[in-house]
Structures are given as structure tokens and as C-alpha cells.
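Residue strings, one per chain:
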Amino acid sequence: MEGIISCIKHSGMNPVYYVASASASGATLEEAKGIEMLSLGEAVNTENGIAYPAPKEQGLFNGGISSAISEEAARLPIMEPYLTGSQEIDRTTRAMWDSLIASSSMLVKKLLYGAPVLVRFHNDADGSSGAYCLYLALSELMGTGKLAVKKSNTVWLMHKGVTYSEYDAASDILISNNYESLEKPLLVLIDFGTAPESEAGIHAAEKRFDILWLDHHPVPEGFFGSRMAHYSNPWLFEGDSNYTAGFLASAFSKTLCRSDTIMIENASLIGDYSSYRVGDGNDNGISLLLDLLTSDTKLASSAPGNLTPMDIAAVLENKTRREELISYARVRLGELLGEAVKSVKEYRYADTCVYLLDFSKMRDDGVKYPLPGRFSSKLLGKLSELRGSPCVLVLHFDSYLSIRVDKQLASRVMLLEVIREMRERHPSDIISGGGHQSAASIKLSGESEKKRMLSELVQLIKARLSYGTA
Ligand SMILES: [Mn+2]
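Re the environment of Ser441
Piece 1. In this structure, Ser441 sits in strand S17 (residues 439-444).
Piece 2. Aside from chain neighbours lying at most four places away, what touches Ser441 is Gly373, Tyr400, Leu401, Ser402, Ile403, Gly433 and Gly435.

A short note on the sheet that holds strand S7 (residues 154-159)
Piece 1. Across the sheet, which stays open at both edges, the 5 strands sit in the order S7-S6-S9-S10-S11 with parallel pairing between neighbours. Every interior strand has two partners, whereas the edge strands, S7 and strand S11 (231-232), have only one.
Piece 2. Taken together, the 6 bridges between strand S6 (residues 117-122) and S7 define a ladder with parallel strand orientation. From the neighbouring strand, Leu118 faces S7, where its bridge partner is Val155.

Focus on the nonpolar core
Piece 1. Counting 96 residues, the largest nonpolar core has Ala20 and Val119 as the members making the most contacts within it.
Piece 2. Counting residues domain by domain, this core receives three or more from each of domain 1 (2-65) and domain 2 (76-317).
Piece 3. Those residues in contact with Ala20, other than ones at most four positions away along the chain, are Gly3, Ile4, Ser6, Ala27, Leu29, Ile65, Ile69, Leu112, Tyr113 and Gly114.
Piece 4. Counting 34 residues, the second largest nonpolar core, distinct from the first, contains Phe375, Phe397, Ile403 and Met453.

Some words on the domain arrangement of the protein
Piece 1. According to the domain assignment, the protein contains domain 1 (2-65), domain 2 (76-317) and domain 3 (342-467).
Piece 2. Relative placement of domain 1 and domain 3: their C-alpha centres are 56 Å apart.

Remarks on unusual backbone geometry
Piece 1. With omega at -10 degrees, the peptide bond leading from Tyr369 into Pro370 counts as cis.
Piece 2. By the element assignment, Pro370 lies in the loop between strand S13 (352-358) and helix H11 (372-387).
Piece 3. Even without a glycine there, the phi angle at Asp191 is positive, about 75 degrees.
Piece 4. A count of 30 C-beta atoms within 10 Å places Asp191 in the buried class.
Piece 5. Phi angles above zero are rare outside glycine, and Tyr273 is one such case at about 55 degrees.
Piece 6. Position of Tyr273 relative to the elements: it lies in the loop between helix H7 (262-271) and helix H8 (286-295).
Piece 7. Overall, Tyr273 belongs to the buried group, with 21 C-beta atoms counted inside 10 Å.

A word on the sheet that holds strand S14 (residues 392-397)
Piece 1. The mixed open sheet is built from 6 strands, whose spatial order is S12-S13-S14-S15-S17-S16. The sheet is open, and its two edges are formed by strand S12 (345-349) and strand S16 (430-435), each paired on a single side. Along the sheet, successive strands turn relative to each other by an average axial angle of 15 degrees, direction set aside.
Piece 2. Where strand S15 (residues 400-405) meets S17, 5 bridges bridge the pair, whose relative direction is antiparallel. Bridge pairing in S17 links Ser402 to Ser441.
Piece 3. Relative to S14, H11 is tilted by about 145 degrees, and along the sheet it contacts S13, S14, S15 and S17.

Thresholds applied
- Residues numbered from 1 in each chain as written.
- Predicted model: local features only at pLDDT ≥ 70, side-chain atom pairs only at ≥ 80, totals over all residues.
- Helix = DSSP H or I, 4+ residues; strand = E, 2+ residues; numbered from the N terminus.
- Contact = placed C-beta atoms within 7 Å.
- Pairing = 2+ DSSP bridges.
- Core = buried A, V, L, I, M, F, W, Y, C linked by C-beta atoms within 7 Å.
- Buried ≥ 20, exposed ≤ 12 C-beta atoms within 10 Å, placed from the backbone.
- Domains from an automatic or database assignment.
- Axes fitted to C-alpha atoms, helices over the stretch in contact; angles between N-to-C directions.

Structure below.
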């Protein structure tokens with residue numbers, strides 16, 4: 001096969017070469033070893049997985065390959081939007097489709113060049129289900145040969161937190177430095193980052209990467225990301241946070257193939273308490289499982305501290321292990337909820353109630369599940385159920401505060417406004433804060449001011465609850 005070296009991976013003993021070629025049937029990418037050092041852009045012939053420099057007179061030229069790749073990138077995405085039958089979801093999907101197709105073309109191009117693709121996803125049921133849907137689509141595309149890429153350079157990274165920092169950018173650039181690539185590397189972000197605090201990190205990353213960003217967090221006014229070519233967020237397309245990032249990533253993967261991912265989509269909707277979830281709204285087990293695996297990575301992951309879609313696939317495919325982990329998650333969650341209900345402090349206010357919980361006291365060392373944010377959502381549900389009316393929960397765990405407002409009170413307490421006010425008052429005590437209007441978090445710079453901050457936070461929430469009763 002004649003081709004050109006379009007990417008070189010340097011991380012092992014010997015470099016691995018990625019050879020892009022074009023034939024009558026389209027563009028292809030294969031992996032090869034070299035018997036001598038080859039350079040990026042060099043014309044080669046490959047035979048049995050070995051690449052040899054092409055004779056000078058062969059007359060290969062880049063132009064043919066690059067136009068074959070561009071044609072394929074334009075041809076492969078499925079132009080018909082992925083519809084579910086739910087009017088609200090489908091309206092947003094239709095509005096966003098052209099933009100998803102454009103991003104999909106870019107991804108196909110990167111894959112055909114063998115460029116490194118780093119996928120960072122938020123470490124919860126929503127983010128991980130999004131990464132998993134993308135992984136399934138890529139596996140199917142490559143497995144069926146619809147995309148003639150023998151091996152992609154995709155790296156999956158679980159992301160802890162709601163912003164993309166300069167530190168994250170430095171770490172991603174370091175990973176990408178293992179590769180030399182004709183085509184700019186691609187960074188895919190799923191379910192996090194929509195906050196002004198991500199700006200420095202994203203700008204640093206943009207020097208090295210093209211960025212494909214799928215998020216559903218509320219878009220702040222004047223947000224820099226909205227101007228980026230491949231930033232997709234339902235808030236910009238007649239939707240809101242109910243259209244989860246996991247669902248968005250699933251819809252995005254449907255530009256490439258139409259495998260059935262309804263169960264995973266629903267796990268993302270359940271995980272983020274979306275009003276679009278189907279069924280009785282109870283957990284379908286998969287959402288609980290993803291919460292567990294992303295919290296306690298040692299249960300399933302192949303690399304410490306990280307979890308990949310391949311790790312998730314291994315658990316989902318093993319029925320015994322899957323059931324065992326789901327039931328473990330249920331039992332542990334049930335126990336902690338029972339304990340928490342007894343330990344919360346209660347501040348009654350007008351027709352509602354603000355609860356405060358010190359979660360640090362409740363977690364044994366070593367067991368990370370459930371993480372405080374996920375737990376606070378579940379606890380709010382339990383407390384509202386027991387009280388028989390909607391309420392608010394503030395949970396604190398070391399310097400981390402997690403706030404949850406029952407959706408029925410969402411028009412009275414807009415958490416992103418509460419957090420903005422807190423930050424204006426205490427710019428040096430708060431490192432970061434954000435999320436959704438009814439589910440958000442604050443990271444304090446330390447614990448010395450925690451008590452004061454908690455009481456102010458409760459006061460601010462109470463004040464807002466009172467607007468609605470006036
Ligand atoms: Mn989400």
C-alpha cells in the first residue's frame with residue numbers, strides 16, 4: 001500500500017507509524033513499524049505492517065490523500081437527525097444537528113490522519129455515559145470497516161471537576177507530545193467546562209488542539225466558548241440542562257452510526273435528574289453503576305485514578321460482576337441515606353426547609369463511593385420525599401460544598417446567582433463554583449472560614465425562598 005506518514009507515536013521503545021493512504025475505495029489509515037527512521041509526511045510503501053520509504057520516482061503526492069480524507073469526512077456523517085419521539089429533545093437535536101455534523105466531519109478527518117484524540121469526560125454517570133456512547137460509535141465504525149482506520153490514537157481521561165484549568169491543558173499537551181502529527185490533535189470535552197474559569201485553560205489548549213466541546217451546563221453571559229466553532233450546548237439551541245451531556249454525546253455519535261444506546265442515554269438522564277428520563281424515574285441500575293465506577297475507580301479501572309469506556313464495557317458485559325456492583329451500590333447508598341437523614345440539621349423557613357449536612361463525618365476512609373455531589377442529589381430526593389414537600393440541601397465535605405434545590409423551588413432559588421453573590425463577597429475564600437441552577441457546588445480555598453460561609457449561604461438561600469412567598 002502506498003501512503004504517507006501522517007502521525008508518529010513516540011511513547012514506546014520504537015516509534016509507531018501511522019500511514020494514511022487513498023485508493024478507489026476511499027481513505028484508509030494503518031499502523032506500521034519502520035525498519036529505518038521515517039519522518040512525518042514522508043511517502044512510504046507498507047507491507048505486512050512494515051513501512052518502507054517509497055522510491056523517489058513513485059510520485060506519491062499529499063494532495064490525493066488529503067482530498068480523499070476530506071471527501072470521506074464530508075460523506076460519512078449521517079445527515080438525518082437522530083430523533084427519539086420526544087418533542088422537546090428532538091427540537092433541540094434538530095436545531096443542533098448541522099453543528100454536530102460539522103464537528104463529526106472534523107473528528108472523522110482526525111481519525112483518518114491518525115491524529116491524537118484526547119477525550120476528557122466528567123466523572124459522573126452523565127459524563128461517563130457520554131464517553132461510552134462515543135466509544136461504542138467509534139468501535140462500530142472501525143470494527144465494521146465503515147471507517148477504514150485500523151487503530152486510532154484515542155486517549156480517554158476521566159475529569160474531576162467542573163472547569164478546565166491551565167493545569168489540565170499542560171497535562172493534555174504533555175500527552176499529545178508523545179505524537180508528531182500532520183493534523184492538529186483533537187481535544188474532546190464532555191459534560192464540563194462551561195464557566196469563565198475555563199478560559200485560560202482552553203486558550204492554552206487551543207495552541208495545540210482543535211477542540212470539540214459537548215456540554216449542557218448553563219452558558220454564562222458573554223461566555224467565550226459560545227464563539228468557538230465546535231462548542232455545542234443545548235442552551236444555545238432552544239434547550240436547557242435537561243438535555244444532558246451524555247444524551248448530547250450520544251446524539252453526536254449518531255452522526256456516525258445508529259447503534260442502540262437507549263439504556264445508556266437513559267442512565268445519563270437519570271444520573272442528572274433530567275425531566276426527559278423515561279420510565280418511572282427510578283434508577284435503572286446502569287446510572288447507579290456508572291456513579292459507582294466513576295467514584296471508586298479501583299473497582300474497575302485498568303489505570304489508577306482513571307476510568308475508560310473500555311473499563312465500563314468490561315463491567316457491562318460481565319453480568320455477574322455488573323449485578324454484584326449494582327447491588328453493592330444500592331446497599332451502601334441506602335445505608336448512608338438512612339444515616340444522613342438522622343444527622344441533618346434542619347432550618348425551617350416559611351413553607352419550606354433548608355437542610356445542612358456534614359458529610360465528612362459520615363465517610364469511612366478508603367471508600368470513595370458515593371462522592372459528595374452525587375450523594376447530595378440522592379439525599380435531597382429522600383428528604384423531600386420524607387417531608388412531603390420540596391426543600392433545599394447544603395452538604396459540606398472538607399472544603400467542598402454541594403448545594404441542591406428541589407426543582408419545584410428552582411424559580412425561587414437560582415443557585416448560580418447565589419454562588420455569584422458569594423464569590424463577589426468572598427473572592428479570596430472561594431476557588432471555584434458553578435454547575436446548574438438547582439445543583440451546584442463551591443470549592444473553598446480552605447476550611448478556616450467554612451462555618452461563616454455556610455451560614456451566609458443558608459441566609460442567602462432563605463432570602464431567596466422568601467421572594468416566592470411574598
Ligand atoms: Mn451533566
